[in-house]
Amino acid sequence: MKALVTGISGFVGSHMAEYLLDNNVEVIGTIRNRSRMEHILHIQDQVHLVECELRDPFSVESLLTQERPDLIFHLAAQSFVPTSWNSPVDTIHNNVAGQLNIFEAVRRLDLDCRIQIACSSEEYGHVEPDETPIREENPLRPLSPYAVSKAAQDYLGYQYFKSYGLHVIRTRTFNHTGPRRGEQFVTSNFAKQIAEIEKGIRHSKVSVGNLNAKRDFTDVRDVVRAYWLALEHGEAGDCYNIASGSCVTIREMLDMLLSMSTVSIDIVPDPSRMRPSDVEILLGDMTKFSNQTGWKPEIPFEQTLRDLLNYWRER
Ligand code: GDD
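Residues numbered from 1 in each chain as written. Predicted model: local features only at pLDDT ≥ 70, side-chain atom pairs only at ≥ 80, totals over all residues. Heavy atoms only, no water.

1. Quick look at the sheet that holds strand E4 (residues 71-74)
Next up, step 1: Spatial ordering of the open sheet is given by E3-E2-E1-E4-E5-E6-E11, a layout of 7 strands whose pairing is parallel. What marks the edges here is a single partner per strand, and that holds for strand E3 (48-51) and strand E11 (239-242). Neighbour to neighbour, the strand axes of the sheet diverge by 20 degrees on average, direction disregarded.
Next up, step 2: Sheet topology note: the strand E2 (residues 26-31)/E3 ladder contains 4 bridges and is parallel. Counted as the bridge partner of Ile31 is Glu51 from E3. (Pairing = 2+ DSSP bridges. Helix = DSSP H or I, 4+ residues; strand = E, 2+ residues; numbered from the N terminus. Axes fitted to C-alpha atoms, helices over the stretch in contact; angles between N-to-C directions.)

Written out as structure tokens, the structure reads:
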């Protein structure tokens, strides 16, 4: 069994590769010449890394012609919501064209492979109070260019299944975190600031944005297991929420992190961290996925946050 992981050097990609290696799957991963390799240094001898620009159809077609994978985990993306306000065209182009190039190459080469695409709970966007926990049938009301790019990826997954029979599984993953999470994302950002205060290299203030937003967090290690199960047991063409089924406010998440530290810390609002429009609540119903695959998250959120804080303490 051969699996291709796009974005293997990223946060989820590196955990996905570890999971696949642990399950004796041959792993090929795409990198770009500017990819940072720190997350995969420890496994670089066990995986086959190929330089590939997903936005370039020729680059993608030659990769797939050569490798002919059985499974594709398409994780590469511009995944930070605020960047999509500053670079909307780049976000749409990167996320949509990258996926289209994969789909087109698979179709034209007539590859018999299963493809998981990393869609997002951000696609649901504005959610009415009586619409939680959010089910897959909920309307998509995206509130950022990033969310629109993910909705486009999602619909293209549906369309390529319907039009050409591509075996695509659309995973709509709610927030996920854990060791190696990029420092711009909220859990990692706060954990890093706290670790720096503990080390005495930062004043004793944590800068924050909107603390009222509610998010449903799952550990990345549970998420990559979900992606594997999605390709093992998911219905081709279908979409599935990957979520824990409970949510916290960002303030509650910060308080959990603060309770894991003994130093005294002030919380300071930073207006530059506020967004033009923020998704107020993302709370997912993952019953459909759970019934289909037997998946349930196993790692408690407190453990995830502790592992993340320790990750930053050790750096
Ligand atoms: N990044 C960040 N930094 N967010 C902050 C901060 C801060 O200092 N303070 C408050 N927040 C709030 C944001 O306004 C948002 O409501 C929430 O914390 C989470 O922000 P992020 O961690 O940046 O994640 P996200 O919810 O925008 O998007 C993540 O989850 C999606 C799935 O729902 C990303 O991982 C996406 O790629 C993913 O698709």
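And the narrative resumes.
2. Some remarks on the confidence of the model for the protein
Next up, step 1: Considering every residue of the protein, the mean pLDDT works out to 97; 100% of them sit at 70 or more.
Next up, step 2: Complex prediction metrics read pTM 0.98 and ipTM 0.99. (pLDDT = per-residue confidence, 0-100.)

3. A look at the environment of Asp285
Next up, step 1: As for its position among the elements, Asp285 is in the loop between strand E13 (266-269) and helix H9 (287-293).
Next up, step 2: Spatially, the C-alpha atoms of Asp285 and Pro297 are 13 Å apart, while their sequence positions differ by 12 residues.
Next up, step 3: Setting aside chain neighbours within four positions, we find Asp285 in contact with Pro133, Ile134, Arg135, Glu136 and Asn241.
Next up, step 4: A distance of 2.4 Å separates the side chain of Asp285 from the side chain of Thr287, its partner in a polar contact. (Contact = heavy atoms within 4.5 Å. Polar contact = N/O pair within 3.5 Å; in protein donor to acceptor, adjacent residues only side chain to side chain.)

4. Brief notes about the nonpolar core
Soluble, globular proteins show a tendency: their nonpolar side chains are buried together.
Next up, step 1: Counting residues in hydrophobic clusters, the biggest one holds 42 residues, and the most contacted among them are Met16, Leu20, Phe73 and Trp228.
Next up, step 2: Counting only elements with at least two residues in this core, the list comes to strand E1 (2-6), helix H1 (11-22), E2, E4, helix H7 (220-233) and E11.
Next up, step 3: The element contributing the most residues to this core is H7, with 9 residues.
Next up, step 4: Ignoring sequence-local partners within four residues, the contact set of Phe73 consists of Ala3, Leu4, Val5, Thr6, Met16, Leu20, Gln116, Tyr227, Trp228 and Leu231. (Core = buried A, V, L, I, M, F, W, Y, C linked by side-chain atoms within 4.5 Å. Buried < 20%, exposed > 50% of the residue type's maximum accessible area, 1.4 Å probe, protein only.)

5. Topic: the packing of aromatic side chains
For any two aromatic rings, the description comes down to two numbers: the centre-to-centre distance and the angle of the planes.
Next up, step 1: One pass over the structure, following the stated rule, counts 9 aromatic pairs.
Next up, step 2: Ring geometry for Tyr19 versus Trp228: centroids 6.3 Å apart, planes at 55 degrees, classification tilted. With Tyr19 in helix H1 and Trp228 in helix H7, the pair connects residues that are 209 residues apart, well separated along the chain.
Next up, step 3: Residue class for Tyr19 comes out buried when judged on its relative accessible area of 18%.
Next up, step 4: What makes Trp228 buried here is its relative accessible area of 13%.
Next up, step 5: With 5.1 Å between their ring centres and 55 degrees between their planes, Tyr160 and Tyr164 make a pair best called tilted. Linking Tyr160 with Tyr164, this pair stays in helix H5 (residues 145-164), spanning 4 residues, or about one helical turn.
Next up, step 6: Tyr160 sits in the buried class, given a relative accessible area of 6%. (Phe/Tyr/Trp six-rings, centres within 6.5 Å; stacked < 30°, edge-to-face > 60°.)

6. Quick look at the side chain of Asp307
Next up, step 1: Note on placement: Asp307 falls in helix H10 (residues 301-313).
Next up, step 2: According to the relative accessible area criterion, Asp307 is buried, its value standing at 19%.
Next up, step 3: Among the polar contacts listed, one links the side chain of Asp307 to the side chain of Gln303, at a separation of 2.9 Å.
Next up, step 4: Asp307 has contacts with Pro179 and Arg221, leaving out every residue within four places of it along the chain.

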